[in-house]
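Take a look at the letters that make up each chain.
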Amino acid sequence: MGSEQYDDERPVHKVNLKRYWIAKVPVTNAQYHIFVEARQHEPPAHWENGKVLRGLESHPVVKVTWHDARAYCRWLSEVTGKSISLPSEAEWEKAARGAMDKREYPWEYTWKEGYCNSSELGVESTTPVGIFPEGASLYECLDTVGNVWEWTRSIEQDYPYQVDDGRENLEAGNEVARVLRGGAFDLDRYLARCAFRNWYYPYYRLGDWGFRVVVSPRA
């Protein structure tokens, strides 16, 4: 985990994780709309009359807070009977990067044009999830870099990452920043990297922030 690129990515270190499953792509507008309707949850502000904008159903949902993302996970856990949450920062990085090397991008060590939706692509907006198969990670996850930043459940703290050092405290409050990963459509390849770390406060929402979910085996 980590890299030598920036101070907050240092040091490179090994992390052992329990088994988990992670969604292949970020949560879409269509999926989030089912939750909004079922729970009468506040929809993203840019939707029209609480409905997904036409043509964006398969795009990742954006303008959701960390709290919104967690509420979706709680609802989906109840509906499916599975233990569903946001990924930890470590779970996210492993899914994007693999476990055996220090690759910069999900596909390999060097940048490849057209492998993800970053600013180099020139779209300047989200794209439907999963349309860049060449950009798949070793675990076949898609859109782990570019398209949208993805909320994790982890608090922003220095490395080395340790699961029991308080950074996975879900009740830490609104003034504690949470980590986002993956870059987005409006950012360049230097930020759309497996190890790059971003963070913000959990009550904020922006037009390039989304999320994906993980499933953990029940004890």
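Above this text sits the structure in question.
Residues numbered from 1 in each chain as written. Predicted model: local features only at pLDDT ≥ 70, side-chain atom pairs only at ≥ 80, totals over all residues. Heavy atoms only, no water.

This part covers the pairing of strand 4 (residues 178-181). Both faces of strand 4 are covered, namely the face carrying Arg 178 and Leu 180 and the face carrying Val 179 and Arg 181. As defined by bridge partners, strand 3 (residues 149-155) adjoins strand 4 across three bridges and the pair is classed as antiparallel. Its bridge partner lying in strand 4, Glu 150 is registered against Arg 181. Pairing of strand 4 with strand 5 (residues 197-200), which is carried by four bridges, proceeds in the antiparallel orientation. Across the sheet, residue Val 179 finds its bridge partner in strand 5, namely Trp 199. (Buried < 20%, exposed > 50% of the residue type's maximum accessible area, 1.4 Å probe, protein only. Helix = DSSP H or I, 4+ residues; strand = E, 2+ residues; numbered from the N terminus. Pairing = 2+ DSSP bridges.)

Taken as a whole, helix 1 (residues 29-39) has its buried residues at Asn 29, Tyr 32, His 33, Phe 35 and Val 36. What you see down the axis of helix 1 is that its buried residues fit within an arc of 160°, all on one side. On its buried face, helix 1 is in contact with helix 2 (66-80). Phi turns positive, to about 55°, at Gln 40, one or two residues after helix 1. (Arc of directions from axis to C-beta. Contact = heavy atoms within 4.5 Å.)

All right, on to the sheet that holds strand 6 (residues 209-210) then. Strand order in the open sheet formed by four strands is 5-4-3-6, with mixed pairing between adjacent strands. With partners counted over all chains shown, the strands left at the sheet margins are strand 5 and strand 6, one partner each.

Before going further, it helps to spend a moment on the state of the cysteines. Throughout the structure, instances matching the rule amount to zero disulfides. The thiol sulfur of Cys 116 is not disulfide-bonded, and the nearest other cysteine sulfur, from Cys 194, lies at 10 Å. Overall, Cys 116 belongs to the buried group, its relative accessible area being 4%. (Disulfide = S-S within 2.5 Å.)

What follows is about the packing of aromatic side chains. For the structure shown, the criterion picks out 22 aromatic pairs. Where Tyr 32 meets Tyr 72, the ring centres are 5.9 Å apart and the plane angle is 20°; that geometry is what we call stacked. With Tyr 32 in helix 1 and Tyr 72 in helix 2, this residue pair connects regions lying 40 residues apart in the sequence. Assigned by exposure class, Tyr 32 and Tyr 72 land together as buried. Between Trp 149 and Phe 196, the aromatic rings sit 6.0 Å apart at their centres with planes inclined by 40°, giving tilted as the arrangement. In this pair, Trp 149 is assigned in strand 3 and Phe 196 in the loop between strand 4 and strand 5, connecting sequence segments 47 residues apart. We classify Phe 196 as buried; its relative accessible area is 13%. Among the aromatic side chains, those forming a connected cluster through ring pairs are Trp 151, Trp 199, Tyr 200, Tyr 201, Tyr 203, Tyr 204 and Trp 209. (Phe/Tyr/Trp six-rings, centres within 6.5 Å; stacked < 30°, edge-to-face > 60°.)

In short, the description is geometric, and any link to function would need to be established separately.
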